[in-house]
Amino acid sequence: MSSVSHLTSKPGSALTGTVRAPGDKSMSHRSMILGAMATGVTEVEGLLEGDDVLATARAAEAFGATVERLGGGKWRVTGKGGFESPASVIDCGNAGTGVRLLMGAAAGYPITATFDGDASLRGRPMGRVTDHLSRMGATFDWSGKAGLLPATLTGGTLTAIDHVQTVASAQVKSAILLAGLNAEGVTSVTEPEKSRDHTERMLRAFGATVDVEEAGEGWIIRLKGGQPLTGTAVAVPGDPSSAAFPLAAGLIVPGSSVTVEGVMLNPLRTGLFDTWIEMGADLTIANRRESGGEEVGDITARHSALKGVVVPEERAASMIDEYPILAATAAFADGVTVMRGVGEMRVKESDRIKLMVDGLRACGVAVEEEAEGFLVTGGPVPGDATVHTAHDHRIAMSHLVLGLAAAAPVTVDEPDMIATSFPGFVDLMNGLGGSIG
């Protein structure tokens with residue numbers, strides 16, 4: 001998408017057609033990082049070639065791996081069995097997942113590396129990861145305020161820890177496990193609530209032994225240090241977080257029927273789809289199959305009369321990135337949709353609770369903000385607003401989808417950041433019949 005200062009979506013005709021979701025962002029990051037940590041060749045298909053993942057690919061190369069783009073989402077990573085000290089600063093751009101997982105991986109090697117990012121990433125908390133890596137033996141030198149980038153890590157000689165999560169976070173869990181690969185002893189992470197398990201699955205694909213023990217509503221993950229990784233083939237399925245945007249448009253634009261092919265159906269990532277179905281969505285899944293160790297399927301969304309629901313708080317971990325687009329669809333539902341237990345949204349690329357509340361209100365939607373959540377009362381959506389996105393891709397895309405079904409156009413500022421997770425978003429939506437430009 002070319003550089004523009006604003007994008008506007010206009011209500012119009014029904015959206016119809018079949019598209020393919022971009023590759024899953026979480027798995028794309030991990031394929032680059034684990035490929036760089038491994039010995040030998042890792043062939044990746046379906047990689048999300050968004051800005052965030054490309055920053056992680058550059059970091060993998062800076063840490064000593066050979067990284068080649070073969071074309072069309074196909075990449076080859078040749079690792080040396082470990083990280084080397086990079087020659088320059090590791091610039092992670094806007095990639096919060098990338099920097100936190102890279103810190104975890106790098107902490108296990110006797111190297112020094114400085115991590116930095118754009119203005120948004122510099123404002124996001126790193127202590128939630130670095131505090132635990134410090135417990136394992138890594139050291140961090142903060143150039144400015146402690147816990148915020150830029151930071152210089154010195155790794156090596158780590159000792160395993162037993163960590164109990166207080167907030168379901170796959171990023172924290174993954175950083176600890178990646179560090180644990182090169183730590184003395186057995187590293188364990190206890191999750192009272194399950195978070196996405198792509199790291200555990202992919203570590204096994206690269207040859208590591210990862211033990212998972214069910215514990216109540218959660219589980220305990222254990223990983224013995226000193227395990228080598230071997231390059232492998234990785235097929236990245238479609239990202240459910242990205243598929244959510246065209247599917248949401250299918251649900252709220254009258255007369256629409258939109259199919260997204262090859263969407264990952266990992267049960268720890270499908271909370272939004274479950275919620276939509278509870279709201280009365282005409283959402284069907286066909287052609288279930290396996291790809292890259294994950295179940296995938298083709299999802300069709302048809303225009304539906306939605307009703308407000310109370311989203312179970314324990315579902316938050318499985319859909320934390322999808323609450324912005326859920327809020328946009330809830331704006332068209334009959335009644336109140338209650339979203340609580342989602343305080344994690346305030347420390348994403350932006351304070352997503354505040355931005356969604358402000359944006360929806362600007363579009364004429366009744367919203368009540370709480371410290372750990374928000375409530376959306378649905379009804380006719382006037383639109384006719386310009387929404388401030390704080391350079392957050394999910395805020396921008398959510399309001400652009402909303403604008404397709406509002407009474408009047410909706411404009412978002414700073415839309416270039418959409419390319420971090422969904423390059424080609426505008427063309428895809430317009431190809432279905434939308435009007436965004």
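Please read these numbers as outputs of a predicted model, since none were measured by experiment. (Residues numbered from 1 in each chain as written. Predicted model: local features only at pLDDT ≥ 70, side-chain atom pairs only at ≥ 80, totals over all residues. Heavy atoms only, no water.)

## Concerning the sheet that holds strand β22 (residues 366-370)
Stated formally: A pair of strands is labelled paired if DSSP reports no fewer than 2 bridges between them. Numbering of helices and strands runs from the N terminus; a helix is a DSSP stretch of H or I covering at least four residues, while a strand is a stretch of E covering at least two.
The mixed open sheet is built from four strands, whose spatial order is β20-β21-β23-β22. The sheet is open, and its two borders are formed by β20 (310-311) and β22, each paired with just one other strand. Sheet topology places strand β21 (residues 336-340) next to strand β23 (residues 373-377); five bridges connect them, and they run antiparallel. Within the sheet, the bridge partner assigned to M339 lies in β23 and is F374.

## Observations regarding the sheet that holds strand β14 (residues 210-215)
So the rule is basically this: All axes here are fitted lines through C-alpha atoms, helices being fitted over the stretch that makes contact, and every angle between N-to-C directions spans 0 to 180 degrees. Two residues qualify as a contact provided that any one of their heavy atoms is within 4.5 Å of a heavy atom in the partner residue.
Here four strands make up an open sheet; going across it, the order is β11-β13-β15-β14 and the pairing mixed. Edge strands, defined here as strands with exactly one partner in the open sheet, are β11 (162-164) and β14. Direction aside, neighbouring strands of the sheet carry axes that sit 15° apart on average. In this sheet, strand β15 (residues 218-224) lies alongside β14 in antiparallel orientation, the contact comprising six bridges. Considered in β15, the bridge of A215 is made with G218. Contacts between helix α7 (residues 198-205) and the sheet are confined to β14 and β15, with β14 contributing the most and set at about 145° to the helix.

## Some points on a negative patch on the surface
Threshold: Patch criteria: residues need more than 30% relative accessible area and no salt bridge. Like-charged residues are merged within 9 Å; nonpolar side chains of Val, Leu, Ile, Met, Phe, Trp and Tyr are merged within 5 Å. For every accessible area listed, the method is Shrake-Rupley and the probe measures 1.4 Å; residues are considered covered only by the protein chains on display. Salt bridges, as used here, are contacts in which a Lys or Arg side-chain nitrogen is within 4 Å of a carboxyl oxygen on Asp or Glu. In this tally Asp and Glu are treated as negative and Lys and Arg as positive; neither His nor the chain ends contributes. By convention, the charge on Lys lies at NZ, on Arg at CZ, on Asp at CG and on Glu at CD.
Taken together, E193, E217, E313, E314 and E372 make up a surface patch of like negative charges. Tracing the chain through its elements places E193 in the loop between β13 (186-191) and α7.

## A word on the layout of surface pockets
Rules: The method works on a 1 Å grid over the protein atoms by themselves. A cavity is a set of points holding a 1.4 Å probe that cannot get out, a pocket is an open set with protein on both sides within 12 Å along at least five of seven lines, and residues with an atom within 4 Å of a point line them. Grid points are joined across faces, edges and corners, and a volume is the space filled by probe spheres set on the points. Classification convention: Asp, Glu, Lys, Arg as charged; Ala, Val, Leu, Ile, Met, Phe, Trp, Tyr, Cys, Pro as nonpolar; all other residues, Gly among them, as polar.
Size it by volume and the largest pocket reaches roughly 640 Å³. For the largest pocket, the lining is made up of 39 residues, of which A168, S169, I320, E344 and K348 are closest to its centre. Elements represented by at least two residues in the lining of the largest pocket include exactly α1 (25-37), α3 (96-107), α6 (170-180) and α12 (393-405). Of the residues belonging to the lining of the largest pocket, the class tally is nine nonpolar, 13 polar and 17 charged. Here the second largest pocket defines a volume of roughly 250 Å³.

## Regarding the packing of aromatic side chains
Under the convention used in this document: Two rings from Phe, Tyr or Trp (for Trp, the six-membered ring) form a pair when their centres are within 6.5 Å of each other. A pair whose planes differ by under 30 degrees is stacked, one over 60 is edge-to-face, and the rest are tilted. Using a 1.4 Å probe on the protein chains alone, a residue whose accessible area is under 20% of its type maximum counts as buried, one over 50% counts as exposed, and one in between counts as partly exposed.
If you walk through the whole model with that rule in mind, you get seven aromatic pairs. Look at F273 and W276: their rings are 6.2 Å apart centre to centre, the planes differ by 40°, and that puts the pair in the tilted class. Of this pair, F273 and W276 both sit in helix α9 (residues 271-278), three residues apart, which is roughly one turn of the helix. Each member of the pair, F273 together with W276, is buried. One aromatic cluster is present, formed by F63, F83, Y109 and F115 through successive ring pairs.

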